[in-house]
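One-letter residues, chain by chain:
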Amino acid sequence: MKLIIQIPCFNEAEHLGPTLADLPRSIPGVDIIETLVISDGSRDATVEVARACGVDHIVDLPINKGLAHGFMAGLDRALREGADIIVNTDADNQYRAADIHKLVRPILDREAEFVVGDRPIPDIAHFSRHKRALQHIGSWVVRMASGTKVGDAPSGFRALSREAALRINTFDSYTYTLETIVHAGLSDVRIVSVPIGVNGETRPSRLVRSIPDYVARSARSIVRTTLIYQPARSFVLMSIPLAVLGTILLARWLWLYVDGSPRAHVPSLLASAGLLLTCVFLWIAAVLGKLLAINRRLLQDIQYRLRKFDAQLNEADDERR
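What you see is a predicted model, and the numbers here were worked out from it, not measured in a lab.

1. So, the overall build of the protein
Here comes step 1: If you tally the helices and strands in the protein, you get 10 helices and seven strands.
Here comes step 2: By the burial criterion, 48% of the 321 residues in the protein qualify as buried.
Here comes step 3: Summarising the internal contacts of the protein: among those between residues at least 6 apart in sequence, 74% fall at separations of at least 24.
Here comes step 4: Averaging the coordinates of the 38 positive side-chain charges in the protein and doing the same for the 35 negative ones gives two points 7 Å apart.

Pasting the structure below:
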């Protein structure tokens, strides 16, 4: 059983050393533990520090492409290196590395394929009241969209089995945390949460520049992800309030017409027609979205098979060498 701990980095030379030093050297049920650092276009000595610390694998991306891209590049490399379990953690050492065994245990026990570390949000001192509230709201929205019971959706401390890593996708350049949970939940990947601890703040979050910016970016991410993975449901839900309001206006117009009102009430009739026509367009979009979703699942299955074949081919090449 091979575990690879991946750490996406962007200019983390100052914090990478302590983060690597805290990683566990042995875990019951795991035979091999290796480390993987993804330098996402770092302009400091991140790569040099990783080499000096004896990191097993390094992915050095030439330019910064964002956290989500670095995360996926790490998964791809870990799969090529034969990982059975992949743990993702942050380079700023905010997550307690001693709890990695909690993340991998449900996978080792075959209880889950995707495990997310659930931080004690109310007890984190450097989280403001507004940030704590937003974390809870965001996690609730992701649970509704994904059909999962993940307690801390924005947490980047997570473990994936090989099968789950082969199936995961992300299209959001901002962050991978929310989209991967929705994708996994709607792709029948078993997800669970486990309580984990955190260390003190070493630097301000680079994702949360300001509360309004974080809310706007997270909202866009959730809406985009929901439209990608649940287009039919999304368009139908959008049509419901329009259909209700349009029906009420039409019923009002019919009532007044039958009651012999001297006025034509054309504005109500036009508004009702516009609302109901918009509903029809949304229903057509829902049907097309459903067809596209079926096509997406077929393409995902092809991608899964290609990824699996590519990883196996790479492992065979390594064995021949």
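2. Observations regarding the sheet that holds strand β7 (residues 191-195)
Here comes step 1: Judged by pairing direction, the sheet is mixed, and its seven strands sit side by side in the order β3-β2-β1-β4-β6-β5-β7 without closing on themselves. Of all strands in the sheet, those bounded by a partner on one side alone are β3 (57-61) and β7. If you compare each strand with its neighbour and ignore which way they point, the axes differ by 20° on average.
Here comes step 2: As paired elements, strand β5 (residues 114-118) and strand β6 (residues 158-161) share three bridges and run antiparallel to each other. Residue pairing for β6: Phe114 is matched across the bridge by Leu160.
Here comes step 3: Of the strands in this sheet, β1 (2-9) and β2 (32-40) touch helix α1 (residues 13-21), which is tilted by about 160° from β1.
Here comes step 4: Strands in contact with helix α4 (residues 100-108) are β1, β4 (85-88), β5, β6 and β7; relative to β4, the strand with the most contacts, it is inclined by about 150°.

3. Regarding helix α5 (residues 129-146)
Here comes step 1: The first and last C-alpha atoms of α5 sit 26 Å apart over 18 residues, in line with the 26 Å expected at 1.5 Å per residue.
Here comes step 2: Residues of α5 that are buried: Lys131, Gln135, Gly138, Ser139, Val142, Ala145 and Ser146. The buried residues of α5 occupy an angular sector of 125° when projected down its axis, which confines them to one face. Of the exposed residues in α5, those oriented more than 90 degrees away from the buried face are Arg129, His130 and Ile137.
Here comes step 3: Remark: Gly147 follows α5 within two positions and exhibits a positive phi of approximately 70°.

4. Here we look at the pairing of β3
Here comes step 1: Going residue by residue along β3, you find His57, Val59 and Leu61 tucked away on one face and Ile58 and Asp60 left uncovered on the opposite face.
Here comes step 2: Bridge count between β2 and β3: five bridges; the pairing is parallel. Within the sheet, the bridge partner assigned to Val37 lies in β3 and is Ile58.

5. Focus: the layout of surface pockets
Here comes step 1: Approximately 250 Å³ is the volume attributed to the second largest pocket.
Here comes step 2: Forming the boundary of the second largest pocket are Val141, Met144, Ala145, Ile222, Val223, Thr226, Leu227, Gln230, Arg233, Ser234, Leu237 and Met238.
Here comes step 3: Residue composition of the lining of the second largest pocket, by class: eight nonpolar, three polar and one charged.

6. What to know about the side chain of Thr35
Here comes step 1: Looking at the secondary structure, you find Thr35 in strand β2.
Here comes step 2: Ignoring anything within four residues of it in the chain, the contact list for Thr35 reads Ile5, Leu20, Leu23, Gly54, Val55, Asp56 and His57.

7. Thoughts on unusual backbone geometry
Most peptide bonds are trans, and most residues other than glycine sit at a negative phi.
Here comes step 1: Although it is not a glycine, Asn11 adopts a positive phi angle of roughly 55°.
Here comes step 2: By secondary structure assignment, the location of Asn11 is in the loop between β1 and α1.
Here comes step 3: For Arg110, which is not glycine, the phi torsion reads 60° and is therefore positive.
Here comes step 4: Tracing the sequence through the fold places Arg110 in the loop between α4 and β5.
Here comes step 5: We classify Arg110 as exposed; its relative accessible area is 81%.

8. Describing the pairing of β5
Here comes step 1: In terms of residue burial, β5 counts as a mostly covered element, since four of its five residues are buried.
Here comes step 2: Inspection of the sheet shows β5 paired to β7 by five bridges, in the parallel sense. When the bridges of β7 are listed, Gly117 appears paired with Val194.

9. Concerning the packing of α5 against helix α7 (residues 177-185)
Here comes step 1: Running from amino to carboxyl end, α5 crosses α7 at an angle of 25°, the nearest separation of the two axes being 8 Å. As the angle between them shows, α5 and α7 are arranged roughly parallel. The two elements α5 and α7 meet at a crossing, and its hand is right-handed. Of α7, the residues touching α5 (which contributes Val142, Ala145 and Ser146) are Leu178, Ile181, Val182 and Gly185.
Here comes step 2: For the contact of α5 with α7, the per-class residue count stands at five nonpolar, two polar and no charged.

What counts, and at which threshold
- Residues numbered from 1 in each chain as written.
- Predicted model: local features only at pLDDT ≥ 70, side-chain atom pairs only at ≥ 80, totals over all residues.
- Heavy atoms only, no water.
- Helix = DSSP H or I, 4+ residues; strand = E, 2+ residues; numbered from the N terminus.
- Buried < 20%, exposed > 50% of the residue type's maximum accessible area, 1.4 Å probe, protein only.
- Contact = heavy atoms within 4.5 Å.
- Lys, Arg positive; Asp, Glu negative; His and termini not counted.
- Charge placed at Lys NZ, Arg CZ, Asp CG, Glu CD.
- Pairing = 2+ DSSP bridges.
- Axes fitted to C-alpha atoms, helices over the stretch in contact; angles between N-to-C directions.
- Expected span 1.5 Å × (residues − 1).
- Arc of directions from axis to C-beta.
- 1 Å grid on protein atoms, 1.4 Å probe; cavity = no way out; pocket = protein on both sides within 12 Å on 5 of 7 lines; lining within 4 Å.
- Points joined across faces, edges and corners; volume = space filled by probe spheres on them.
- Nonpolar A, V, L, I, M, F, W, Y, C, P; charged D, E, K, R; others polar.
- Parallel < 35°, antiparallel > 145°, perpendicular 65-115°, else oblique.
- Left-handed = near helix turned anticlockwise from the far one by under 90°.

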